[in-house]
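The primary structure of each chain is shown beneath.
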Amino acid sequence: QVQLVESGGGLVQPGESLRLSCTFSGASFRLYLMGWYRQAPGKERELVATLTRRGVIESGGFVNGRFTISGDVAEYTVHLQMNNLRPEDTAVYYCTAQDYTEYYYWGQGTQITVSA
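So, how was this worked out
- Residues numbered from 1 in each chain as written.
- Predicted model: local features only at pLDDT ≥ 70, side-chain atom pairs only at ≥ 80, totals over all residues.
- Heavy atoms only, no water.
- Helix = DSSP H or I, 4+ residues; strand = E, 2+ residues; numbered from the N terminus.
- Rg over C-alpha atoms; globule rule 2.2 N^0.38 Å.
- Buried < 20%, exposed > 50% of the residue type's maximum accessible area, 1.4 Å probe, protein only.
- Contact = heavy atoms within 4.5 Å.
- Areas by Shrake-Rupley, 256 points an atom, 1.4 Å probe, with all protein chains shown as cover.
- Lys, Arg positive; Asp, Glu negative; His and termini not counted.
- Charge placed at Lys NZ, Arg CZ, Asp CG, Glu CD.
- Pairing = 2+ DSSP bridges.
- Axes fitted to C-alpha atoms, helices over the stretch in contact; angles between N-to-C directions.
- Phe/Tyr/Trp six-rings, centres within 6.5 Å; stacked < 30°, edge-to-face > 60°.
- Lys NZ or Arg CZ within 6 Å of the ring centre and 35° of its normal.

(A) Just the overall build of the protein, in detail. Broken down by element type, the protein carries 0 helices and 11 strands. Overall, the protein shows an N-to-C arrangement of helices and strands of β-β-β-β-β-β-β-β-β-β-β. Relative to its length of 116 residues, the protein is compact, with a C-alpha radius of gyration of 14 Å against a globular reference of 13 Å. The principal-axis extent of the C-alpha atoms belonging to the protein is close to 45 × 25 × 20 Å. Residues classed as buried in the protein amount to 41% of the 116 residues present. Pairs at least 24 apart in sequence give 53% of the contacts found in the protein among residues at least 6 apart. Roughly 6300 Å² of accessible area belongs to the protein as shown, and the carbon and sulfur atoms make up 45% of that amount. Both charge centroids of the protein, one from 9 positive and one from 11 negative side chains, sit 3 Å from each other.

(B) Spatial organisation of the sheet that holds strand β3 (residues 18–25). Strand order in the open sheet formed by 4 strands is β1-β3-β8-β7, and the pairing between neighbours is antiparallel. Edge positions in the sheet fall to β1 (3–7) and β7 (67–72), since each has one partner strand and no second. Going from strand to strand, the sheet's axes swing by 15° on average, the running direction of each strand aside. Bridge count for β1 against β3 is 5 bridges, and the pairing is antiparallel. When the bridges of β3 are listed, glutamate 6 appears paired with cysteine 22.

(C) Spotlight on the packing of aromatic side chains. Per the stated rule, a full pass over the model turns up 9 aromatic pairs. Relative to tryptophan 106, the ring of tyrosine 104 has its centre 6.1 Å away and its plane inclined at 20°; by these criteria the two rings are stacked. Here tyrosine 104 falls in the partly exposed class, since its relative accessible area comes to 31%. Residue tryptophan 106 is classed as partly exposed on the basis of its relative accessible area of 35%. Of the aromatic side chains, those joined through ring pairs into one cluster are Phe24, Phe29, Tyr76, Tyr103 and Tyr105. Above the ring of tyrosine 94, the side-chain terminus of arginine 45 is found at 3.8 Å from the ring centroid.

This is the structure we're talking about:
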């Protein structure tokens, strides 16, 4: 059974940092990319950052150097380092993985709350 397991969410104050991690398991086929999306209450899910197997990174426009994606898609692991967090970063963050048939797998999501 394919699973994406996220870790590292929580409650932080504005300006603090968090690191999310995600591991894909339950299958041995190659993945095209892994990455992160987020969804805030009342808003659509949006791209945070993705990393392809070849190391190509795509980021959402709001990232502006505050968030850094890293990992090894061939090893089924991806991380998201988030610095200088703001209240508007509050959302559920979802790990995703895409295979070469363009099918997306999703994790359960981890809540990040940025509040004083």
